[in-house]
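Chains, contacts and geometry: an overview
For reference, the chains in residue letters:
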Amino acid sequence: MGRTYDFDTPVNRRGTISVKWAGDAIQNICGNPEAEPFWVADMDLHSPIEVKEALEQAAGLGVYGYPHFTDNEELFTAWAKKRHGWNVAPEQVAVCQGLLGSISLLTEILTRENDGIIIPVPAYQPFLRLVKNYGRKFAPWHLVYDPQAAMFSLDFEELEALCAEPSNTLLVFCSPHNPAGIVWDRETLSKIAEIAAKHGVSVISDEIHSDLAFEGEHHVPFNVVAREAGCKAVTCMAPSKTFNIAGEHFSIAVFDDQNLKRAFEKRQNQLFATEPSLLSGTAARAGYAHGYDWLMQLRKYLKDNVSFVDTFCKERIPEIKVVMPHASFICFMDCGDLLPLVETDAIRHPDVYDAAKSPAGGSLSRFFGMRAGIAVNDGTWFGGDAYRRFVRFNYGTSRAVVESALLKIEAAVNALR
């Protein structure tokens, strides 16, 4: 029998250098520096023991000089085949110092100033900053939300119109989607690739959460359908969410277009941003080589966690609906029925909801932080006021900790009723 991994023992990160647990960062989103964090997308769960042992061995040497990794590409291609059934050649692979860094470089290469970048919204907020940083134009592609079903879907007519606009040259896609947790099926991805190809729009596909697709969900890398449709695309993956090593910046970009890959690697060389660090490379390699069984057990634990959250809300906090994810450890919570109560509370107690104390937050994140002692991302962080009815909740922790948080939320909601 293989090793059984423990996800039930709580991990205490308070007092460490974790940004997720940093009081000033927590206050910035919810007003209460002592709130328990359920926001930043890393898990309060131990990484695979094989990763820990590899890092301890590297650290134990006592010398931390320049690394020389020679088979990173082959390790990833073996992982891609085992995890996704995806046949990738090593020469298609570029190793990068972090996924956002690679998306940023690709944006620089694939667009010019004032070009439009299509981004599905709600969106992972750094994508929105990316557009601004490069002086590009934000072209939002609005996901359609059904509040009765608590589900998002894609509007292909809007995508067709956006791609037909000549100034829109790039689509930054997220698969699985953050924050909605959607694992897009092959038919959906093929339709996106066909529309993009028809209008000459390139696609960068952020697939950082792909390894964490739940059992029964099949993730299709975007390059697979892009090749069939003749769409220029780059698929970006990383071990960071997979093995809970987000602090170690290591990622992969997969290219079908060798000219684009050469341009990308040239820009990496210009910025001296080619080689991953000693510890990031060590952690990533150990995960890809030895973390598969751990991941299989983790996926089940996370799926059971979010099912627990969903059942708890349905039975005890009906003002909150879970937008059920099909991957990873974060979920959008629809608090549309709770929001009017929160807004009334804010009128009565403006000091509790003081925006100056939490400039990166919103009404709901302040309620959760100040009234429940729970720090979550406000929905406005993902695309403005259109998403103010939502919060994003990180359930990537032990079940007992999740339950404790829900009990605190329940008590805070009861006090408003």
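A brief report on the enclosed structure follows.

Quick notes on the rules
- Residues numbered from 1 in each chain as written.
- Predicted model: local features only at pLDDT ≥ 70, side-chain atom pairs only at ≥ 80, totals over all residues.
- Heavy atoms only, no water.
- Helix = DSSP H or I, 4+ residues; strand = E, 2+ residues; numbered from the N terminus.
- Rg over C-alpha atoms; globule rule 2.2 N^0.38 Å.
- Buried < 20%, exposed > 50% of the residue type's maximum accessible area, 1.4 Å probe, protein only.
- Areas by Shrake-Rupley, 256 points an atom, 1.4 Å probe, with all protein chains shown as cover.
- Lys, Arg positive; Asp, Glu negative; His and termini not counted.
- Charge placed at Lys NZ, Arg CZ, Asp CG, Glu CD.
- Pairing = 2+ DSSP bridges.
- Contact = heavy atoms within 4.5 Å.
- Axes fitted to C-alpha atoms, helices over the stretch in contact; angles between N-to-C directions.
- Polar contact = N/O pair within 3.5 Å; in protein donor to acceptor, adjacent residues only side chain to side chain.

Another point: the overall build of the protein chain. Check the secondary structure of the protein chain and you find 14 helices and 15 strands. For a compact globule of 417 residues, the expected C-alpha radius of gyration is about 22 Å, and the protein chain comes in at 21 Å, within 12% of that figure. For the C-alpha atoms alone, the extent of the protein chain along its principal axes is close to 60 × 55 × 40 Å. Relative to its full complement of 417 residues, the protein chain shows a buried share of 56%. Total accessible area on the protein chain is roughly 17700 Å²; 51% of this is exposed by carbon and sulfur atoms. When the 40 positive and 52 negative side-chain charges of the protein chain are each reduced to one mean point, those points stand 1 Å apart.

Here we come to the sheet that holds strand 14 (residues 377-378). Taken together, four strands build an open sheet; the order of strands is 11-12-15-14 and the sheet is antiparallel. The strands lining the two open edges of the sheet, one partner per strand, are strand 11 (321-323) and strand 14. Each of strand 11, strand 12 (330-334) and strand 15 (390-394) is contacted by helix 11 (residues 292-316), which is oriented at about 150 degrees to strand 11, the strand it contacts most. On the sheet, helix 13 (residues 363-371) packs against strand 14 and strand 15 and is oriented at approximately 45 degrees with respect to strand 15.

The next thing to look at is the environment of Ala-273. Tracing the sequence through the fold places Ala-273 in the loop between helix 9 (258-270) and helix 10 (278-290). Taking the C-alpha atoms as reference, Ala-273 lies 44 Å from Lys-408; in sequence the two are 135 residues apart. Ignoring sequence-local partners within four residues, the contact set of Ala-273 consists of Gln-97 and Gln-268.

So, on to the sheet that holds strand 8 (residues 202-206). Reading across from one edge, 2-10-9-8-7-3-4 is the order of the seven strands in this open sheet, with mixed pairing throughout. The two strands at the open ends of the sheet, each matched to only one other strand, are strand 2 (93-96) and strand 4 (137-142). This sheet shows a mean twist of 25 degrees between the axes of neighbouring strands, independent of strand direction. Pairing geometry for strand 2 and strand 10 (residues 251-255), over four bridges, is antiparallel.

This brings us to the side chain of Asp-345. Examined against the element boundaries, Asp-345 turns out to sit in helix 12 (residues 339-348). Within polar-contact distance, the side chain of Asp-345 engages the side chain of Tyr-353 at 2.6 Å. Not counting residues within four places of it along the chain, the set of residues in contact with Asp-345 comprises Tyr-353, Arg-371 and Leu-416.

The topology assignment puts Ser-202 in strand 8. In this structure Ser-202 comes out as buried when scored by relative accessible area, which is 9%. For Ser-202, the contacting residues outside a window of four places in its chain are Leu-110, Thr-169, Leu-170, Leu-171 and Lys-232.

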